[in-house]
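Structure assessment
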Amino acid sequence: MDVPYSWLKTYIDFELEPEELAHTLTMLGLEVENIEFLGTGLKKIVTGLITEVSDHPEADNLKVCQVDLGDKTEQIVCGAPNVREGLRVPVAPAGSILPEGQEVQEVKLRGVTSRGMICSRDELGLQEERADGIMELGSGAEPGGSFIDYAGLNEYVFKIDITPNYARCLGLLGIARELQAVLEEGQVKYPEIELTAQERSSYDPLKVKIEDPELCPRYTARLLKNVEIGPSPDWMQKRLRSAGVRPINNIVDITNYVLLEYNQPLHAFDYDKISSGEIIVRRAEEREKLITLDDETRELTTDDLVIADPEGSIALAGVMGGADSEVTADTTNILLESAAFDQVSIRRTSRRLGLSSEAAYRFERGVDIEAVDEASRRASQLMQEYAGAEIHGELVDEYPLPYEQDGIDLDAGRVNQLLGLDLSESRISGILKKLDFEIEEVVSDVLKVKVPSYRNDVQQEADLVEEVARMYGYNNIPVTASPSRQQGKKTEAQKIREQVLDLMLGMGLDEIINISLMGKEIYDKLDIPADSEYRDWVQISNPLNESFSIMRTTLIPNMVQTLSDNTRHQQKELRFFERGRVFRDRGPEKRPREERRLCGGSMDYGRDLWGNDAADFYYLKGVLETLFSRLKLKTPEFKESSRPFLHPGRAADIYYKGTKIGFIGELKAELIDEFDLRERAAVFEISAEIFIEEVQPHSFEFDTLPKFPPVSRDLALVVPRELSASVILDDIDNIGGELLRQVNLFDVYTGEQIAREDKSLAFELLFQAEDRTLTDREVNEIFNKIVDYLKKEYDVEVRK
């Protein structure tokens, strides 16, 4: 919200400089994101009066102007097509610098001296597109005066982030009320409203009927006749511009002005276009059509609230007016609406139609139902004064659900307990009274507090405690540690998860965290089949949009999208992991099934030690093997498989103790292109529950350093291509017994020296005893036993 400094000062007196005011507002909870001075770079610009214009002796398209600057007259050469005698203009004197950095100097143009520059709007930074000519000012621009004062640019504007619980501060009077609570002398100055009304004729009927009070608890209407549509006064236009609102005409500007003043949306109907002068507030009929002010035809539902007359709907309540009842230049009679509508109803209609407006923004957050009539009176007063309006009759005020001031019990002791303070009951009462809360009575340090109508954010005792803390100052509350006899410690599951985190980070992967909500579209991009368990989504009943309509069933979409996003930002050598929950729907009668998963992704790893391009796959495989090893778990098995989003022949299911726990593989080429990834990328996903079930509590075993040397043997085998190296490794390890300390695969060969259907696997076997040096005989006996078993079991050939 844009809050002009000088406009705010008309409602409350204060001596704070802009920076001090920004700090005060921020401490009140109204975060000032930025302070903008509208006249930046324009302080030296003055207003001038062109008193004489003559032709340039050496240039047909230039004019020589004599410009009255108050205390002197300067000669300025100008080439604008609209330059003429008697025109009041902005002038940049010689020596000044324009907002874009251009220095204005005394120069000679075709032999004629020019001491300054007559400026256009774009040269002053007031518009982006090129102007057709110099800026023309009104009769109020006195020669030699300050341009920024004339144009209303000598103004500081506060850019304030208004959170939903500060909806009362969407009007300047609301901000003034907040300041009143912290300023010693400041008192809110409400506008003085005096109306002159005449009796309404029977020929000018005005009736209001509310069919659904829950959606419209109050609606007021007032008839104003003989209105003259025209520009609003300069002072109002300047204030509106400084608040970021474009002036249109006096009627529209007045409704916008009161909106910013009271936080009360108003709407002006052309009274002569309303059948029988009767307003009906009702639910729309199913598929009812309404053309709104933006000339769009809207199809409505029974969830929408409309303003109608006996012939049909004329406005979408609280969101936007209808084109058929719009105020135009020919309008002379106005029906002025000021009302309160249900927050949820307005929000639902606005979101469904994708139709946002300043009115809807405020009604969604709640307005002061008690100030509805005052805002109407204020707008009527301004229309009387600046549009020549005649008020006919009294305000028609339908108020079926009057506001009842809530009473909340506030225990002073509870306040001090929650805040760690020692405030007296009188101090707490004083704080709340400054915020317009009424203290009805005090019994045994319990305050009976009545809430003002504009504080719809205060519903319970905790809200009042927050108000006390806010006014006392969060920065003034001492930091204390609450005494506790409990001794907190991490559970074993937490320790294991922390251990997994440390190991993954230690292996060079960066952790990513994504929210559990996502859209269905990415599952289509991943070619997930319609009958896949990955499509057992938990649907969100009221999502913000389709991108957050389901809860994820796998971590893979988030991982692929993160790799894609980083690639588009020119990042290379990406290695990520994510720990998170996935959710599967189990029908309407059961809670969704939740499972913790661990996911990894790698891209741009390069070539591995075998010279393969599929290094990302093997890197992630090594990550998993190392992770299991460091957690003292058995090495997982990898068995070739397929997934719709993985490359055929470069994917494997992951098994632990015979149970499938996940998968690993390279992304297929189509996905690489779809997500703008680099040539190769691999992912894995496994169940993280396995770690909680299998990892033993922290215990450490220490071995003495070996005293006796190891004995190494190499074993090269020719095996069928379909035989997995992991199967051979497991068999060698099992047969080798205690003396076989380590076995490693160090070479894989396919080529001309062996048959096409075979491959060569080379292993290094390391034998070692703790109590002696092994003899060749002992080692050969175990080695031959391993070879004999492999020959018999797999019909392998030993290479020499």
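Up top is the structure these notes are about.
What counts and what doesn't
- Residues numbered from 1 in each chain as written.
- Predicted model: local features only at pLDDT ≥ 70, side-chain atom pairs only at ≥ 80, totals over all residues.
- Heavy atoms only, no water.
- Helix = DSSP H or I, 4+ residues; strand = E, 2+ residues; numbered from the N terminus.
- Rg over C-alpha atoms; globule rule 2.2 N^0.38 Å.
- Buried < 20%, exposed > 50% of the residue type's maximum accessible area, 1.4 Å probe, protein only.
- Contact = heavy atoms within 4.5 Å.
- Areas by Shrake-Rupley, 256 points an atom, 1.4 Å probe, with all protein chains shown as cover.
- Lys, Arg positive; Asp, Glu negative; His and termini not counted.
- Charge placed at Lys NZ, Arg CZ, Asp CG, Glu CD.
- Pairing = 2+ DSSP bridges.
- Salt bridge = Lys/Arg side-chain N within 4 Å of Asp/Glu carboxyl O.
- Patch = residues over 30% accessible without salt bridge, like charges linked within 9 Å, V, L, I, M, F, W, Y side chains within 5 Å.
- 1 Å grid on protein atoms, 1.4 Å probe; cavity = no way out; pocket = protein on both sides within 12 Å on 5 of 7 lines; lining within 4 Å.
- Points joined across faces, edges and corners; volume = space filled by probe spheres on them.
- Phe/Tyr/Trp six-rings, centres within 6.5 Å; stacked < 30°, edge-to-face > 60°.
- Lys NZ or Arg CZ within 6 Å of the ring centre and 35° of its normal.
- Nonpolar A, V, L, I, M, F, W, Y, C, P; charged D, E, K, R; others polar.
- Arc of directions from axis to C-beta.
- Axes fitted to C-alpha atoms, helices over the stretch in contact; angles between N-to-C directions.
- Expected span 1.5 Å × (residues − 1).
- Left-handed = near helix turned anticlockwise from the far one by under 90°.
- Parallel < 35°, antiparallel > 145°, perpendicular 65-115°, else oblique.

With that settled, consider the overall build of the chain. Within the chain one finds 20 helices and 39 strands. For the chain, whose C-alpha radius of gyration is 39 Å, the value lies well above the compact-globule estimate of 28 Å for 800 residues. If one aligns the C-alpha atoms of the chain with their principal axes, the spans along those axes are about 120 × 85 × 60 Å. Expressed as a percentage of the 800 residues in the chain, the buried residues total 48%. Across the chain, every contact between residues at least 6 apart in sequence was considered, and the portion connecting residues at least 24 apart equals 68%. When the accessible surface of the chain is totalled, it reaches about 41,700 Å², and 44% of it is carbon and sulfur. Each charge class in the chain can be summarised by its mean position, and for the 95 positive and 149 negative side chains these summaries are 6 Å apart.

The strand order β11-β22-β13-β21-β14 describes an open sheet built from five strands, whose pairing is mixed. Edge strands, defined here as strands with exactly one partner in the open sheet, are β11 (197-198) and β14 (266-270). Relative to strand β22 (residues 390-398), strand β13 (residues 218-225) runs antiparallel, the two sharing six bridges. The residue of β22 that forms the bridge with A221 is V396.

Moving on to the pattern of salt bridges. One pass over the full model with this rule turns up 54 salt bridges. Measuring nitrogen to oxygen at the nearest pair gives 2.5 Å for the salt bridge that ties D294 to R298. Here R298 falls in the buried class, since its relative accessible area comes to 13%. Overlapping salt bridges, with partners in common, bring together R168, E178, R455, D457, E467 and R470 in one network.

The next thing to look at is a negative patch on the surface. The grouping of E15, E17, E19 and E20 at the surface amounts to a negative patch. Note on placement: E17 falls in the loop between α1 (5-9) and α2 (18-27). With a relative accessible area of 48%, E17 lands in the partly exposed category.

Counted according to the given criterion, the structure contains one cavity of 30 Å³ or more. One number sums up the size of the largest cavity: a volume of about 40 Å³. It is helix α4 (residues 172-180) that provides the largest number of residues to the lining of the largest cavity, a total of three residues.

Now for the environment of G366. In this structure, G366 sits in the loop between α8 (358-365) and α9 (372-387). In this structure the C-alpha to C-alpha distance between G366 and A340, which are 26 residues apart in sequence, comes to 8.2 Å. Apart from residues lying up to four places away in sequence, G366 is in contact with A167, N263, Q343 and N456.

To continue, consider the packing of aromatic side chains. Each aromatic ring pair is characterised by the separation of its centres together with the angle its planes make. For the structure on display, the rule yields 13 aromatic pairs. Each ring, one from Y5 and one from Y156, has its centre 6.5 Å from the other, and the planes form 75°; the classification is edge-to-face. Here Y5 is found in helix α1, whereas its partner Y156 is found in strand β10 (residues 156-161), with 151 residues between them in sequence. One aromatic cluster is present, formed by Y5, F14, F37, Y156 and F158 through successive ring pairs. One residue, R575, lies across the ring of Y619, its end atom 5.4 Å from the ring centre. Over the aromatic face of Y655 sits the side chain of K639, whose NZ or CZ is 4.8 Å from the ring centroid.

Quick look at the layout of surface pockets now. Its volume calculated, the second largest pocket comes out at about 1,000 Å³. In terms of lining, the second largest pocket is formed by 41 residues, of which the most central are V252, N256, L259, E358 and A359. Within the residue set of the lining of the second largest pocket, elements represented by two or more residues are β10, α6 (250-262), β14, β19 (312-316), β20 (320-321) and α8. Per element, the largest residue contribution to the lining of the second largest pocket is six residues, and it comes from α6. For the lining of the second largest pocket, the per-class residue count stands at 25 nonpolar, eight polar and eight charged.

The next thing to look at is helix α11 (residues 425-434). Along α11, the residues that are buried comprise I428, S429, I431 and L432. With its buried residues spanning 160° around the axis, α11 presents them on a single face. In α11, the exposed positions that point more than 90 degrees away from the buried face belong to S426 and K433. In this fold, the buried residues of α11 make contact with β23 (407-411), α10 (412-419), β24 (438-443), β25 (446-450) and α12 (461-472). Where α11 terminates, the next one or two residues include D436, which has phi positive at roughly 75°.

Quick look at the sheet that holds β23 now. On the basis of which strands lie adjacent, the open sheet formed by three strands has the order β23-β25-β24 and antiparallel pairing. Taken across any chain shown, the strands that pair with only one partner, and hence form the sheet edges, are β23 and β24. Strand-to-strand twist of the sheet, defined as the mean angle between neighbouring strand axes without regard to direction, takes the value 25°. Across the sheet, α10 is in contact with β23 and β25; its angle to β23 comes to roughly 65°.

Relative to the 22 Å expected for 16 residues at 1.5 Å per residue, α9 spans 21 Å between its end C-alpha atoms, a close match to the ideal helical length. The complete set of buried residues in α9 reads V372, A375, S376, R378, A379, S380, Q381, L382, M383 and A387. Close packing links the buried residues of α9 with β13, α5 (234-242), α6, β14, β21 (334-340) and β22. One or two steps after α9, the chain reaches G388, where phi turns positive at roughly 65°.

With that out of the way, let us pick up unusual backbone geometry. In this model, N263 sits at a positive phi of 60°, which is unusual for a non-glycine residue. Tracing the sequence through the fold places N263 in the loop between α6 and β14. If you check the backbone angles, E573 has positive phi at about 50° while not being a glycine. On the secondary structure map, E573 appears in the loop between α15 (556-568) and β30 (574-584).

A few words on the packing of α10 against α12. Between α10 and α12, the least distance of the axes is 10 Å, while the angle of their chain directions is 65°. In this structure, the crossing between α10 and α12 has a hand that is right-handed. On the side of α10, the interface is formed by R414, V415, L418 and L419, while α12 contributes E461, V465, V468 and A469. Class assignment of the residues belonging to the contact of α10 with α12 gives a composition of six nonpolar, no polar and two charged.

Right, let's talk about the pairing of strand β34 (residues 659-667) for a bit. Of all nine residues that make up β34, seven are buried, and the element is covered over most of its length. Taken together, the seven bridges between strand β33 (residues 646-656) and β34 define a ladder with antiparallel strand orientation. For A651, the partnering residue across the bridge sits in β34 and is G665. The pairing of β34 with strand β35 (residues 681-687) spans five bridges and is antiparallel.

Along the chain, the position of G488 falls in the loop between α12 and α13 (492-506). Sequence separation between G488 and L761 is 273 residues, and the spatial gap between their C-alpha atoms is 53 Å.

Time to look at the side chain of S380. Along the polypeptide, S380 turns up in helix α9. Ignoring anything within four residues of it in the chain, the contact list for S380 reads L195, R222, L224, L336 and I391.

Where α13 meets helix α16 (residues 615-630), the axes come as close as 10 Å, and the angle between the chain directions of the two elements is 135°. Taken together, α13 and α16 sit at an angle that is classed as oblique. Seen along the crossing, α13 lies across α16 with a hand that is right-handed. Where α13 approaches α16, its residues Q499, V500, L503 and M504 are matched on the opposing element by V623, L627 and R630.

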